Amino acid sequence: MTKNNVSRSDAVRDGDGFRMYLRVVSESLQPAEVSERLGVEPDEATSIGSRRRPQSPPRSQSTWIRHASAEAEAEAEAEAEAGVRPEHLEPVVLGWGPDLAAGLRRLVDSGEAAVSLVLVQEIRDLEDPQQKGVFLGHDLMAWIGAARASLDIDQYVYHECDDPTDPVPVSTVS
């Protein structure tokens, strides 16, 4: 959700490949408080007490999200890649800098928030080697560690089945 609680999820799901975002979840801090502590505004946010729909129960936690995907699309296009890969997303996250990682670490250490870097992989062509595999470099792993963030990898495989009972191996690593 943006500051106006308008979702961007459709905007970041329009291509094949990978998406990456930083997520801060808190049961006690509202998004504005997270932004104040980090010195950075989110791309999406939901507030404690807000509702997905009028009939939905109020949220018990806030979320603060910053996307890396949109910033990396231009780099992928410049390299004539078919889709965004983790190596396009990594410099974006590293560009957020050590100050953001330190602020995230303070939030985690205070016990007021949980932080994760989420990598979403979408595979639409099972034969395309560019859509398979995940490589994350040392510098990104060090940034994640400095932020005391978890790494969540969500994988989605889309394909047409000749036999709808054929299993498709899909894994989610958290």
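Just so you know, the residues in each chain are numbered from 1, in the order the chain's sequence is written. Local features are withheld for residues below a pLDDT of 70 in this predicted model, meaning they are given only at 70 or higher, and side-chain atom pairs are given and counted only at 80 or more; totals for whole chains, interfaces and linings count all residues. Excluded from the side-chain calculations are hydrogens and water; all other atoms, namely the structure's heavy atoms, are used.

Focus: the overall build of the chain
Operational definition: Helix and strand labels come from DSSP, where a helix needs a run of H or I of at least four residues and a strand needs a run of E of at least two; each type is numbered from the N terminus. A simple rule labels every residue: compare its accessible area, found with a 1.4 Å probe on the protein chains alone, to the largest value its type can have, and call it buried under 20%, exposed over 50%, or partly exposed in between.
Tallying secondary structure elements over the chain gives 6 helices and 6 strands in all. Counting helices and strands in the order they occur from the N terminus, the chain gives α-β-α-β-β-α-α-α-β-α-β-β. Burial analysis of the chain (174 residues in total) assigns 41% to the buried set.

Considering the confidence of the model for the chain
Condition: Think of pLDDT as the predictor's per-residue confidence, scored from 0 to 100. Here, residues are in contact when the closest pair of their heavy atoms is within 4.5 Å.
Taken residue by residue, the chain gives an average pLDDT of 80. The fraction at 70 or more is 72%. In this model residues 1-14 is a low-confidence stretch, pLDDT under 50, and it forms 22 contacts with partners more than four residues away in sequence or in other chains.

Section: the packing of helix 4 (residues 86-95) against helix 6 (residues 138-146)
The condition that has to hold: Lines fitted to C-alpha atoms define the axes here, with helix axes fitted over just the stretch in contact, and angles between the N-to-C directions of these axes take values from 0 to 180 degrees. These descriptions rest on fixed angle ranges, namely under 35 degrees for roughly parallel, over 145 for roughly antiparallel, 65 to 115 for roughly perpendicular, and the rest for oblique. In this scheme the crossing of two helices becomes right-handed for a clockwise turn of the near helix relative to the far one and left-handed for an anticlockwise turn of less than a right angle. Side-chain classes are defined by residue name, with Ala, Val, Leu, Ile, Met, Phe, Trp, Tyr, Cys and Pro counting as nonpolar, Asp, Glu, Lys and Arg as charged, and the others, Gly among them, as polar.
For the pair helix 4 and helix 6, the least separation of the axes is 10 Å and the interaxial angle reads 40°. Comparing the axis directions of helix 4 and helix 6 gives the class oblique. Every pair of crossing elements has a handedness; the one defined by helix 4 and helix 6 is left-handed. Listed contacts from helix 6 to Glu90, Val93 and Leu94 of helix 4 are Asp139, Leu140 and Trp143. By residue class, the composition of the contact of helix 4 with helix 6 is 4 nonpolar, no polar and 2 charged.

A closer look at unusual backbone geometry
Backbone geometry follows two general trends: most residues other than glycine have a negative phi, and most peptide bonds adopt the trans configuration. For Arg148, which is not glycine, the phi dihedral falls at a positive 55°. In this fold, Arg148 is placed in the loop between helix 6 and strand 5 (150-157).

Points about helix 2 (residues 31-38)
Just so we agree on the cut-off: Relevant arc is that of directions from the helix axis to the C-beta atoms, nothing else.
Listed as buried for helix 2 are Pro31, Val34, Ser35 and Leu38. The buried residues of helix 2 occupy one face: seen down the axis, they fall within an arc of 100°. Seen from the buried face of helix 2, the exposed residues on the opposite side, beyond 90 degrees, are Ala32 and Glu36. Considering only its buried residues, helix 2 is in contact with strand 1 (17-26), strand 2 (44-46), strand 3 (62-67) and helix 5 (97-110).

Considerations on the pattern of salt bridges
Heads up, the condition is: We count a salt bridge whenever a side-chain nitrogen from Lys or Arg sits within 4 Å of a carboxyl oxygen from Asp or Glu.
All chains considered together, the criterion is met by 4 salt bridges. Of the charged contacts in the structure, one is a salt bridge between Glu112 and Arg37, with a shortest N-O distance of 2.4 Å. Of the two residues, Glu112 sits in the loop between helix 5 and strand 4 (114-123) while Arg37 sits in helix 2, which places them 75 residues apart along the sequence. For Glu112, a relative accessible area of 24% corresponds to the partly exposed category. Arg37 sits in the partly exposed class, given a relative accessible area of 41%. Measuring nitrogen to oxygen at the nearest pair gives 3.0 Å for the salt bridge that ties Arg148 to Asp109. With Arg148 in the loop between helix 6 and strand 5 and Asp109 in helix 5, this pair connects stretches of sequence that are 39 residues apart.

Section: the pairing of strand 3
Test applied: Criterion used throughout: strands pair if DSSP finds at least two bridges between them.
A large share of strand 3 lies buried, amounting to 6 of its 6 residues. Burial of strand 3 is two-sided: the residues Ser62, Trp64 and Arg66 facing one way and the residues Thr63, Ile65 and His67 facing the other way are all buried. Pairing between strand 1 and strand 3: 6 bridges, direction antiparallel. When the sheet's bridge partners are listed, Val24 is paired in strand 3 with Trp64. Where strand 2 lies against strand 3, 3 bridges are found, and the strand directions are antiparallel. Considered in strand 3, the bridge of Glu44 is made with Ile65.

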